[in-house]
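# An overview of the molecular structure
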Amino acid sequence: MTDYRLVYYSANRLNGTAEQKEADIDTILARSRRNNDSVGVTGALTFSDGYFAQVLEGPQGAVEVTFERIQQDGRHSDVHLLEFVPIADRTFSNWSMAYVGKAVEGSKLAGLGATTGFDPAKISGQQLFERLRDLLLAEQAVA
Ligand code: FAD
């Protein structure tokens with residue numbers, strides 16, 4: 001069965017202190033990992049003060065249903081779908097939901113901005129996907 005990759009970004013609506021936001025992210029990740037694992041979806045998530053960005057991979061129907069649910073979530077808004085394409089291989093097959101966290105705080109998200117102007121409307125799904133993949137590989141290399 002052909003797998004699909006979906007890439008989106010959204011506006012982060014998490015409130016509170018940095019600690020509260022981290023706790024909220026932990027909650028989202030725990031729920032995501034449990035749900036995704038049960039339907040064969042894998043991927044990666046990152047966030048900044050302003051945005052979430054996420055890649056979902058898996059069977060078309062499972063990715064669609066998961067994304068439908070995600071779009072209803074009040075912890076973010078203005079969800080912009082950038083890419084939904086068939087793929088030959090998964091990139092995040094080892095992660096029910098990888099968290100690309102520390103690497104994206106501040107400077108490196110700014111790096112994303114530097115290459116794109118960080119007008120989210122100008123970031124292609126392919127660019128965002130490659131950025132998350134590369135940051136995750138970089139984090140693994142120093143772990
Ligand atoms: P519960 O977790 O019990 O949630 C029940 C309902 O309450 C849901 O509608 C949920 O949206 C809402 N809710 C829960 N906590 C809050 C809160 N603090 N503020 C506002 N609303 C809340 N889910 C996945 O399954 N896979 C993913 O990959 C995934 N990625 C996500 C990425 C982002 C950026 C965000 C914000 C959420 C993501 N979620 C993901 C969570 C998803 O939006 C749903 O909350 C979750 O799938 C619902 O799981 P559940 O049915 O077990 O219900």
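Note: the structure precedes this text.
The following refers to the structure shown. (Residues numbered from 1 in each chain as written. Predicted model: local features only at pLDDT ≥ 70, side-chain atom pairs only at ≥ 80, totals over all residues. Heavy atoms only, no water.)

## Observations regarding the pairing of strand β1 (residues 3–12)
For clarity, the threshold we go by: The buried label applies to any residue whose accessible area, calculated with a 1.4 Å probe on protein chains only, is under 20% of its type's maximum; exposed applies above 50%, and partly exposed to all values in between. In this text, helices come from DSSP runs of H or I with a minimum length of four residues, and strands from runs of E with a minimum of two, each type numbered from the N-terminal end. For two strands to be treated as a pair, DSSP must find no fewer than two bridges joining them.
β1 sits mainly inside the fold: ten of its ten residues count as buried. Pairing between β1 and strand β3 (residues 51–59): nine bridges, direction antiparallel. In the strand pairing of β3, Ala-11 is matched with Tyr-51. When β1 meets strand β4 (residues 76–87), the two strands line up antiparallel, connected through nine bridges. Each residue of the ladder has a partner; that of Leu-6, found in β4, is Phe-84.

## Here we look at the site of the ligand
Cut-off, in case you're wondering: Here a residue is considered near a molecule or strand provided that any single heavy atom belonging to it is located within 4 Å of it. We define a polar contact as two N or O atoms separated by no more than 3.5 Å, with the added condition that, inside protein, one atom must be a possible hydrogen donor and the other a possible acceptor, whereas residues neighbouring each other in sequence contribute only through side-chain atom pairs. All accessible areas in this document rest on Shrake-Rupley with a 1.4 Å probe, and a residue is counted as covered only by the protein chains that are shown. Each residue receives one of three labels: charged for Asp, Glu, Lys and Arg, nonpolar for Ala, Val, Leu, Ile, Met, Phe, Trp, Tyr, Cys and Pro, and polar for the others, Gly being one of them.
Near the ligand, the surroundings consist of 18 residues, among which Ser-32, Arg-34, Asn-36, Arg-69 and Asp-73 are the closest. Taking Ser-32, its side chain carries an N or O atom lying 3.3 Å from a nitrogen atom of the ligand. Here an oxygen atom of the ligand sits 3.1 Å away from a polar atom, N or O, in the side chain of Arg-75. Across the complex, the protein chains shield 68% of the 910 Å² of accessible surface that the ligand would expose by itself. Of all the secondary structure elements, the ones that give two or more residues to the shell around the ligand are α1 (18–39), β3 and α2 (60–71). Among the elements that make up the shell around the ligand, the one with the highest residue count is α1 (six residues). Among the residues making up the shell around the ligand, the classes are represented as seven nonpolar, six polar and five charged.

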